[in-house]
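# Topology and contacts: notes
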Amino acid sequence: MKEEGKVFKMLIRSQADDLLAAEKLAGWAEKAREAGDEQTARRLSGRAQARLSEFAEDEKEMRDRIERGDTSVQKECLELMMEAQRERYRAVRAKLE
């Protein structure tokens, strides 16, 4: 795999981690709010927002790289995103077996 492809794969995985963490943190914040602990809810919400911000920064970097490259970079990026999702699928399947 080309070095650029390795960078895209890393950024895609980073985004997936950021989204998963943000989703969990947002859920916990909601539960804290329901339990009447607004301080904890705000802290957890802030952490979730920080992870979403990291996701957006990675997306901007990938878009900038694509715009500087040619269409083969765009195709490679799509293939890498699909492969990253397949890897996550296989990992979850393995846990269920």
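Placed above this text is the structure.
Let me sum up the structure you'll find in this document. Just so it is clear, the model here is predicted, and its values are computed rather than measured. (Residues numbered from 1 in each chain as written. Predicted model: local features only at pLDDT ≥ 70, side-chain atom pairs only at ≥ 80, totals over all residues. Heavy atoms only, no water.)

Once that is clear, we can look at the overall build of the protein. Of the regular secondary structure elements, the protein holds 3 helices and 0 strands. Shown N-terminal to C-terminal, the secondary structure of the protein runs as helices and strands in the order α-α-α. Relative to its 97 residues, the protein shows a buried fraction of 26%. For the protein, restricting intrachain contacts to residue pairs at least 6 apart in sequence, the fraction spanning at least 24 positions comes to 70%. For the protein, the accessible area works out to roughly 7100 Å², and carbon and sulfur atoms hold 53% of it. (Helix = DSSP H or I, 4+ residues; strand = E, 2+ residues; numbered from the N terminus. Buried < 20%, exposed > 50% of the residue type's maximum accessible area, 1.4 Å probe, protein only. Contact = heavy atoms within 4.5 Å. Areas by Shrake-Rupley, 256 points an atom, 1.4 Å probe, with all protein chains shown as cover.)

Another point: the pattern of salt bridges. For the structure on display, the rule yields 5 salt bridges. Across the pair Glu 87 and Lys 9 runs a salt bridge whose closest N-O atoms are separated by 3.2 Å. With Glu 87 in helix H3 (residues 71-96) and Lys 9 in helix H1 (residues 3-34), this residue pair connects regions lying 78 residues apart in the sequence. Look at Glu 87 and you get partly exposed, because its relative accessible area is 24%. The class for Lys 9 is buried, based on a relative accessible area of 17%. For Glu 87, the salt bridge identified is with Arg 13, shortest N-O distance 1.9 Å. Taken together, the residues span a long stretch of sequence, with Glu 87 in helix H3 and Arg 13 in helix H1 at a distance of 74 residues. Accessibility expressed as a relative area gives 38% for Arg 13, which makes it partly exposed. Salt bridges sharing partners connect three or more residues here, namely Lys 9, Arg 13 and Glu 87. (Salt bridge = Lys/Arg side-chain N within 4 Å of Asp/Glu carboxyl O.)

Turning next to helix H2 (residues 38-68). Compared with the 45 Å implied by 1.5 Å per residue over 31 residues, the 45 Å span of H2 between its first and last C-alpha is a close match. By the burial criterion, the buried members of H2 are Ala 41, Leu 44, Ser 45, Ala 48, Asp 58, Met 62, Arg 65 and Ile 66. (Expected span 1.5 Å × (residues − 1).)

Note: α-helices contain 3.6 residues per turn, so residues at a spacing of three or four share the same orientation. Taking 1.5 Å of rise per residue, 32 residues should cover 46 Å, and H1 covers 47 Å from first to last C-alpha, within 8% of that figure. Of the residues one or two after H1, Gly 36 is the one with positive phi, at around 85 degrees.

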